[in-house]
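Survey of secondary and tertiary structure
As a plain string of letters, each chain reads:
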Amino acid sequence: MSWLNKQRNILDFTLSSLFRNKTKNSALVLVYAFVIFMLASVMLFGHAIRNEASIALQDAPEIVVQKLVAGRHDLIPMSYVEQIKKIRGTHSVKARIWGYYYDPVTEANYTLMVPDDLSAGQGNVIVGNGLSRERAAYKGDRISFISFDGKPVSLRIADILPYESELVSADLILVSIADFKRLFGMNDGYATDIVVGVRNKKEINTIAAKIVDTLPDTRPVTRDDILRTYDSLFNWRSGMVLAVLFGALAAFIIFAWDRASGLSAEERKEIGVLKAIGWETSDILLIKFWEGLTVSLASFFSGFLLAYAHIFFSSSSLFTPALKGWSVLYPEFKLTPFVDPYQIAVLFFLTVVPYTAATIVPSWRAATMDPDSVMREL
């Protein structure tokens, strides 16, 4: 019972000491929390958007087959579909027709795709929510294009894709095959690429190798390849933002180390008085440990909770241009809250542990000195 009373008294003294210097400690907490907020925002956004990408690509085809000419992606003959169907292990082989259109009005690139069944019919299109918002074009309006031969093409917006799909459909336009050929002048008998379904998921790489053997001028791209590409892309973007923040982090580390490692005259006097009235060195170290831990935890939780609200409830407005990846047409969507415990642990040990440890070293030096010598220095 006496041990508990002693710990309670130490905690009471620690809190009162922090409140006596509330202006200085409040400034430290604000700077500390801001740095954690920035770092946590990047980590949370990068991990959450990678998670969203993996979910969105779950229904992607196992293999996408492209034709290469001089190392570049080219149109693929429809006859390749029948040749791929003959490969054992495939269960669905379909040709896809899609392409990109540069819009000088918004200076954005749109993705035009011919779906298997466009219910809107020829002369009509279905557009993504981001495109509709950017062009202020809604259901029933007409949207104009310039075809490959310089002729204007006006198409009616029959519908708008749902908001929930905006992460992957912000710049998407679904058109009929007749309108697609009218815009791009594509010849009959060709497609953009071919998607292949595989019966046994363990044989995806084997089927991809067989496709190359059968059609040497093709390049199969598996779903795992796409996932790795997205993962590398967002890792790179997150790393670039963290590199920009490194200067602010380095400045904070210098500030925190100077604050933690250099005791003020008032703090040294306080330690000398405590030693003179009989406090043990371990008790003084415990006080300084709790002071550092209180400041660190208050800053960590404040910064992390603000970062969580920023990413998942305010559409991560600070990092949208750097991390979402669209140069002009940004999708608007809310990320599904997803937190990686490993990332929290890394952030905690990189920010809380060093500062807490830094507060103990100078206190130990002062606490081990003779009280008379400490008082004479002041």
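Relevant structure appears above.
The model shown is predicted, which means the values in this text are computed figures rather than measured ones.

Observations regarding the overall build of the chain
- What the chain contains, in helices and strands, is 13 helices and 12 strands.
- For the chain, the proportion of its 378 residues judged to be buried stands at 44%.
- Put simply, of all contacts in the chain between residues at least 6 apart along the chain, 78% involve residues at least 24 apart.
- Put simply, the chain shows about 20300 Å² of open surface, and 60% of that area lies on carbon and sulfur atoms.

Brief notes about the pairing of strand 8 (residues 152-160)
- Where strand 6 (residues 124-127) and strand 8 come together, four bridges link them in parallel fashion. Paired with Val127 across the two strands is Ile160, which belongs to strand 8.
- Linking strand 7 (residues 142-146) back to strand 8 in an antiparallel pair, the connection comprises five residues, with Gly150 at a positive phi of about 85°.

Some points on the pattern of salt bridges
- Under the definition given, this model contains seven salt bridges.
- Across the pair Lys85 and Glu82 runs a salt bridge, and its minimum N-O distance is 3.8 Å. In this pair, Lys85 and Glu82 both sit in helix 3 (residues 79-85), three residues apart, roughly one turn of the helix.

Observations concerning unusual backbone geometry
- Phi at Ala70 is positive, roughly 55°, even though this residue is not glycine.
- You can see Ala70 is positioned in the loop between strand 1 (63-69) and strand 2 (72-74).
- Positive phi, normally seen in glycine, also occurs at Ala136, with a value near 55°.
- Locating Ala136 in the fold gives a position in the loop between helix 4 (129-135) and strand 7.

Considerations on helix 6 (residues 177-184)
- Listed as buried for helix 6 are Asp179, Phe180 and Leu183. The buried residues of helix 6 all sit within an arc of 100° when viewed along its axis, so they share a single face.
- Close packing links the buried residues of helix 6 with strand 4 (90-103), strand 5 (108-114), strand 6, strand 7 and strand 8.
- The positive-phi residue at the C-terminal boundary of helix 6 is Gly185, with phi of around 70°.

Regarding the side chain of Ser176
- Within the secondary structure, Ser176 is located in the loop between strand 9 (172-174) and helix 6.
- Polar side-chain contacts of Ser176 include one of 2.9 Å to the side chain of Asp179.
- Setting aside chain neighbours within four positions, we find Ser176 in contact with Val114, Leu118, Gly121, Gln122 and Gly123.

Side note on the packing of aromatic side chains
- All told, the structure shown has 10 aromatic pairs when counted by the stated rule.
- With 5.6 Å between their ring centres and 80° between their planes, Phe300 and Phe301 make a pair best called edge-to-face.
- Classification of Phe300 by relative accessible area gives buried; the value is 3%.
- Connected via pairs of aromatic rings, a cluster forms that spans Phe300, Phe301, Phe304, Phe348 and Phe349.

Rules of the game
Residues numbered from 1 in each chain as written. Predicted model: local features only at pLDDT ≥ 70, side-chain atom pairs only at ≥ 80, totals over all residues. Heavy atoms only, no water. Helix = DSSP H or I, 4+ residues; strand = E, 2+ residues; numbered from the N terminus. Buried < 20%, exposed > 50% of the residue type's maximum accessible area, 1.4 Å probe, protein only. Contact = heavy atoms within 4.5 Å. Areas by Shrake-Rupley, 256 points an atom, 1.4 Å probe, with all protein chains shown as cover. Pairing = 2+ DSSP bridges. Salt bridge = Lys/Arg side-chain N within 4 Å of Asp/Glu carboxyl O. Arc of directions from axis to C-beta. Polar contact = N/O pair within 3.5 Å; in protein donor to acceptor, adjacent residues only side chain to side chain. Phe/Tyr/Trp six-rings, centres within 6.5 Å; stacked < 30°, edge-to-face > 60°.

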